[in-house]
Amino acid sequence: MLPNVDIEQINQQVRADSEITERVFAAAAPVIVGQRRMMEALMIGLLTKGHILLEGLPGLAKTLAIRTLAATVNGDFSRIQFTPDLLPADIVGTMIYNPGKANFSVRRGPIFANFVLADEINRAPAKVQSALLEAMQEKQVTIGGDTYRLDEPFLVLATQNPVEQEGTYPLPEAQTDRFMLKVVVDYPDRESEREILRRNMSGAAVPPTNSVIDIADIERLRKTVANVYLDEKIESYILDLVFATRRPQDFRLAELQPLLSFGASPRASINLARAAKAQAFLQRRGYVVPEDIRAVAKEVLRHRLGLTYEAEAENINADELVTRLIDKIEVP
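Residues numbered from 1 in each chain as written. Predicted model: local features only at pLDDT ≥ 70, side-chain atom pairs only at ≥ 80, totals over all residues. Heavy atoms only, no water.

Undergrad: How would you summarise the nonpolar core if you had to cite specific residues and measurements?
TA: Judged by nonpolar contacts, the single largest core of 76 residues is most densely connected at Leu-42, Leu-181 and Ile-293. Sort the elements by how many residues they give to this core and helix H10 (residues 266-282) lands first, with nine residues. Beyond its immediate chain neighbours, meaning those up to four positions away, Leu-181 contacts Ala-41, Ile-44, His-51, Ile-52, Leu-53, Ala-275, Glu-299, Val-300 and His-303. Grouped together as the second largest cluster of nonpolar side chains are 27 residues, Val-92, Phe-112, Ala-124 and Leu-132 included. (Core = buried A, V, L, I, M, F, W, Y, C linked by side-chain atoms within 4.5 Å. Buried < 20%, exposed > 50% of the residue type's maximum accessible area, 1.4 Å probe, protein only. Helix = DSSP H or I, 4+ residues; strand = E, 2+ residues; numbered from the N terminus. Contact = heavy atoms within 4.5 Å.)

Undergrad: Which residues make up the side chain of Asp-292, and what values go with them?
TA: Looking at the element boundaries, Asp-292 is found in helix H11 (residues 290-301). When neighbours within four sequence positions are excluded, Asp-292 is seen to be in contact with Ala-276, Gln-279, Ala-280, Gln-283, Arg-285 and Tyr-287.

Undergrad: Requested: an account of the sheet that holds strand E8 (residues 155-160), with residues and values cited.
TA: Sheet architecture is open: five strands sit in the order E2-E5-E8-E1-E9, paired in parallel fashion. Both edges of this open sheet fall to strand E2 (77-81) and strand E9 (181-184), since each of them pairs with a single strand only. Strand-to-strand twist of the sheet, defined as the mean angle between neighbouring strand axes without regard to direction, takes the value 20°. As paired elements, strand E1 (residues 52-55) and E9 share four bridges and run parallel to each other. Counted as the bridge partner of Leu-54 is Val-183 from E9. (Pairing = 2+ DSSP bridges. Axes fitted to C-alpha atoms, helices over the stretch in contact; angles between N-to-C directions.)

Undergrad: Would you mind going over the packing of helix H8 (residues 215-226) against H10 in detail, with residue names and values included?
TA: Interaxial distance between H8 and H10 falls to 9 Å at its minimum, and their mutual angle equals 105°. The angle between H8 and H10 places the two elements in the roughly perpendicular class. Counted together, Leu-221, Thr-224, Val-225 and Ala-226 of H8 and Lys-277, Ala-278 and Phe-281 of H10 form the full contact between these two elements. Across the contact of H8 with H10, the residue classes break down as five nonpolar, one polar and one charged. (Parallel < 35°, antiparallel > 145°, perpendicular 65-115°, else oblique. Nonpolar A, V, L, I, M, F, W, Y, C, P; charged D, E, K, R; others polar.)

Undergrad: Describe H10, with residues and values.
TA: The terminal C-alpha atoms of H10, which comprises 17 residues, lie 25 Å apart, in line with the 24 Å expected from a rise of 1.5 Å per residue. Across the 17 residues that make up H10, a large majority, 13, are buried. Once H10 finishes, Arg-284 follows within two positions and takes phi at roughly 65°, a positive value. (Expected span 1.5 Å × (residues − 1).)

Undergrad: Can you tell me about helix H7 (residues 190-201), naming the residues and giving the values?
TA: In this model H7 runs 16 Å from its N-terminal to its C-terminal C-alpha over 12 residues, within 8% of the 16 Å that 1.5 Å per residue would give. Within H7, only one of the 12 residues are buried, which leaves it mostly out in the open. Structurally, the start of H7 carries an N-cap: the backbone nitrogen of Glu-191 is 3.3 Å from a side-chain oxygen of Asp-189. Gly-203 occupies a position one or two residues after H7 and carries a positive phi of about 80°. (Polar contact = N/O pair within 3.5 Å; in protein donor to acceptor, adjacent residues only side chain to side chain.)

Nothing here speaks to function; it is all geometry.
As structure tokens, then:
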């Protein structure tokens, strides 16, 4: 432990501030059923300034979850329905000519919001995707030669359908790396789906989601998460996981070498650490343990690994490779 780190003080701060996130989950509970991990992943993104890519079949409450999270925060929300005819100006904004005053004025696009839902991002062409992803990275846009900073907090939550590929433009690997987490949304369990069925058959209106936190709360929570203690041994564990994706033979994983065309970038190391801190915070702990790394490893790494044709021929996906890494790499 570093001599200037007071773990007990951090723990007390985390326990006090984590009550705020529990209020968010409680406010979302009447609307979202059986997707706790998805809501936790969205919260991790919010607490760490990380953008989220949600992948799942239609009807799994991806859009509803994002809307609900935005409603719990006293911030601006905008939704962009991505279509093949969308233009970059439809996202970032454009210059509008005013005939009466014979001048141009700026019309800001929907990206100027705290929460931006990019629905079915893989339905828009590369130019539009690039405009969004550049704004995600730079936190600013340029319109008519002038640069405009985006609001804080600024969180992009994108969705895509993994099954329907006709008329879509898959995100390049280099672009998906800009998303902190890629969350694969699965079907709810049987009891959760029974509850969903009963709620919809009752005919009762969906209760409105009330705002329970504001922007100042989010800034305070982010500072608390940044102060969560990350031991040097945990840092080494993160680096071992990431470096094993690049040179698996150095970690007694030579059998993975033919399956990987490239490994995770340094963004993976950074985002593993950030996500693990947020995961520890959600568990009401002021320090990161290996279980926190393992809990977020797939969501951080699955979209940062390049698979070879051999892996595809053997029906091996990125999640299986990450599982092998987790099972093999020594835990501190």
